[in-house]
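Commentary on secondary and tertiary structure
The chain contents come next:
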Amino acid sequence: MTDTFVRFTSRQRGEHLLVMTLFTMLAVTGFPQKFYASSWSHGMVTVFGGIERLRWVHRTAGILFALLTAWHIALVTLEVVRGKTRASLVPLKKDFTDAIVTLRYYLGLVDRQAAFDRFDYRQKFEYWGLLLGSMLMIVTGLILYLPLLAFRLFPGEFIPAAKVAHSNEGLMALLVVIIWHIYNAHLSPDVFPFDTSIFTGRISLHRMRHEHPLELERIAQPEPYAAIGRTDGQQGYPRLQAVMTLAAAPLLGALFVMFLPFVGVALVLKQGGAYCLALARRLLDRQTSS
Amino acid sequence: MRAARCLPSRPPVRRAGPVAFTATVAAMLATLVSPVFGQTSANDETDTCLTCHADDGLTVTFADGTSHPLKVDASMFAGSVHGANLKCTDCHAGFAEIPHAERQFTTLADFRASFREACKTCHFDNYTQSLDGVHYAILSKGNTKAPFCPDCHGSHAIQKPGIPRAAVSKTCAQCHRTLSETWAKSVHGKSLLEGHNQDTPVCTDCHRAHNIADPRSTAWLLDTPALCGKCHTNKALMDKYGLSSNVLQTYLADFHGMSASLAKNGRPPVHGRITALCIDCHGIHDIRRVDDPGSPVLKANLVKTCRKCHSGAPEAFPAAWLSHYEPSWQKAPLEYAVKLFYKVFIPFIISGLALQILLHLWRVVGHR
């Protein structure tokens, strides 16, 4: 058995590189516009040679980003319709329970981490957060870029509302990338200093065992495709099921994105509350005994 | 051109010895007693000058053939701000000697130009500021009609400037008549001229008095929101008239205002004005009340104003603009809802993720 496994195809690695570049460019040219009053914004505008050029870069990067997103959605849709993919990023019931198990594990309530498949719930959260956020950014960005055209399609109030949404969603995306993505890709003790798999496309056996045991198991004992639904002997996944999954995916993704932090906050509050109660009880006991 | 001699056009009658002698003696006495009677010398010198310059018939002829009266109204000078503490030669340097030395000037303008720096000695700050002004800029390009100190302030009859305030627009109107008339019909002009309201701006409040900027320059244009904001963000002042003091803040938060803030950096915008400034919608010298039927920002007229830049904007296009209102449930509920959503959602998501990171570290690093 080899030491490493192929985790990402060259297309997926290319997509990541493009998203990374365009996201950085959009952030660098977008935030000076959001924080128009601060001095670093003015410095950044000067670096670009004026607000007009800065906007030109922002809009060009935005259009490229929109094309990339459209291309990604089209390709994935095609793959799902043709039954060529497991659609392994679609949130399942297991992800919701995994999230809870993981948090209980972090809090020391259980001894074993949940066993993950190809993508764990955190990776799915990030994928759906990025995809849904991108779609919102693209739509609101186009409204701001072409207000007259937007006016034909939406009521007038959409234009100022789009500005608020674009600016806030952009801020959230940046914070998620800086805090969550940089942690998981660089700073987390599991991967420190650098999770290279999205660039090399490969992942080590050691990490597969720890982070994706279910996928490793499946690769070690490949189940025939027929085992998950097909009976006609043709290679592929069940088509109807896949299409329905895809149609439901954005909704599931949105639910998932909103669910995850909620679980985190709720569990910590619950655990913290229990800890405080226990502490108070201990203090009371000590007082009554003395 | 050969410059002619500049001399009084007829032989002065009383310029002979006794007067000059008296003046000299008086001046000497004045020097002796000046610690106690410092003002005497000014008055005495003025008297000396007026021996000739009170004469209606005293004129000077320049090389171009034009002549100019040299009479000075003594009471006018005495009543001016300088009347009590300046003597003639403080400004007319080089004229202490009697009879005056011969001088060569082609025109009256040439003669006046020789006094261009006379005020500098005392009013150095204002003089230096005027060097940054648009009037000095056209002067240095060779336009001799460009005004300098006495054209606005007067010469012998100088009074404290801006009293009454309406006098300022009259001063500027000497050259800028049309603009002054337009301003007089505006909400600001009417309020001052008809309502005698001293809160309203006159020319110099916006354009400044000495370092007047070229109002066509991009830097000046991009500064106009801050300029209007000087009064229109003053809550006490705006409350007096039932006006919002939030207009600048809401403008800056809008796409137009944000662009104007950032356009100050880097290259000046290629296409002239980059964005709508206060003056593009409200007008400049012709600003009207927002509820005036002729106001360009009145709802009925607004789309026409938008079309100045957004050509082909549909009738309902102004609905995209919140009219300087802060979004609220009553005004712009959609925008308000989006704002509120993110106010909750961003801290929620970020704190949730940060919590997971901290918990992960706690477990993996400290409590494996």
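**Considering the overall build of chain A**
Counting its regular elements, chain A contains eleven helices and two strands. Based on the C-alpha atoms only, the size of chain A along its principal axes is roughly 75 × 70 × 40 Å. Burial statistics for chain A: of 290 residues in total, 39% are counted as buried. Considering only contacts within chain A whose residues lie at least 6 apart along the sequence, 70% involve residues at least 24 apart.

**Regarding the environment of K124 of chain A**
Residue and element names in this part refer to chain A. Along the polypeptide, K124 turns up in helix 5 (residues 121–145). Overall, K124 belongs to the buried group, its relative accessible area being 4%. Setting aside anything within four residues of it in sequence, one finds K124 in contact with S88, L89, V90, P91, L92, D95, F119 and F256. In terms of polar contacts, K124 uses its side chain to reach the backbone carbonyl oxygen of V90, at 3.1 Å.

**Things to note about the confidence of the model for chain B**
For residues with low pLDDT, the predicted coordinates do not support detailed interpretation. Residues and elements named next belong to chain B. Per-residue confidence for chain B averages 83 on the pLDDT scale, and 86% of its residues sit at or above 70. The model gives residues 1–40 a pLDDT under 50, and that stretch makes 39 contacts with residues more than four places away or in other chains. Model confidence for the complex is summarised by a pTM of 0.78, with the ipTM given as 0.82.

**Topic: empty space enclosed by the protein**
Scanning all chains against the criterion turns up two cavities of 30 Å³ or more. What lines the second largest cavity is Y106, R122, W180, Y183 and N184 of chain A together with Q356, I357 and H360 of chain B. Breaking the lining of the second largest cavity down by element, the ones donating at least two residues are helix 7 (158–187) of chain A together with helix 19 (333–366) of chain B. For the lining of the second largest cavity, the per-class residue count stands at four nonpolar, three polar and one charged.

**Focus: the interface of chain A and chain B**
With 56 residues of chain A at the contact, the number on the chain B side is 48 residues. Of the roughly 4,900 Å² buried where chain A meets chain B, counting both sides, 74% is carbon and sulfur surface. Here chain A and chain B share zero salt bridges between them. Linking chain A to chain B there are twelve residue pairs in polar contact (both at pLDDT 80 or more). Listed by contribution, the elements that provide at least two residues to the side of chain A that touches chain B are helix 1 (10–34), helix 2 (39–48), helix 3 (51–82), helix 4 (93–106), helix 5, helix 6 (147–153), helix 7 and helix 11 (239–289) of chain A. The leading source of residues in the side of chain A that touches chain B is helix 7 of chain A, at 16 residues. Looking at side-chain class alone, the side of chain A that touches chain B contains 36 nonpolar, eleven polar and nine charged residues.

The rules we used
- Within any chain, residue numbers begin from 1 and follow the written order of that chain's sequence.
- Following the order in which they are written, the chains are lettered starting with A and the ligands numbered starting with 1.
- Whole-chain, interface and lining totals are the exception, using all residues; otherwise, since this is a predicted model, local features are given only for residues with pLDDT of at least 70 and side-chain atom pairs are given and counted only at 80 or more.
- Derived side-chain values reflect all non-hydrogen atoms in the structure, with water molecules and hydrogen atoms excluded from consideration.
- Working definition: helices are DSSP H or I runs of at least four residues, strands are E runs of at least two. Numbering for both runs from the N terminus.
- The rule is simple: take the accessible area with a 1.4 Å probe, protein chains only, and divide by the maximum for that residue type; under 20% is buried, over 50% is exposed, in between is partly exposed.
- Two residues form a contact once any of their heavy atoms are found within 4.5 Å.
- Polar contacts, as counted here, are pairs of nitrogen or oxygen atoms within 3.5 Å of one another; within protein the pair requires one atom able to donate a hydrogen and one able to accept it, and residues that are adjacent in sequence qualify only if both atoms are side-chain atoms.
- pLDDT runs from 0 to 100 and stands for how confident the predictor is about each residue.
- Lining residues are those with an atom within 4 Å of a point, where the points come from a 1 Å grid over the protein atoms alone and group into cavities, where a 1.4 Å probe fits but cannot get out, or pockets, open sets with protein on both sides within 12 Å along at least five of seven lines.
- Grid points are joined across faces, edges and corners, and a volume is the space filled by probe spheres set on the points.
- Under this grouping Gly is polar, as are all residues other than the nonpolar Ala, Val, Leu, Ile, Met, Phe, Trp, Tyr, Cys and Pro and the charged Asp, Glu, Lys and Arg.
- What gets called buried area is simply the loss in accessible area from a 1.4 Å probe that two parts show on being joined, summed for both.
- For salt bridges, the criterion is a side-chain nitrogen of Lys or Arg within 4 Å of an Asp or Glu carboxyl oxygen.

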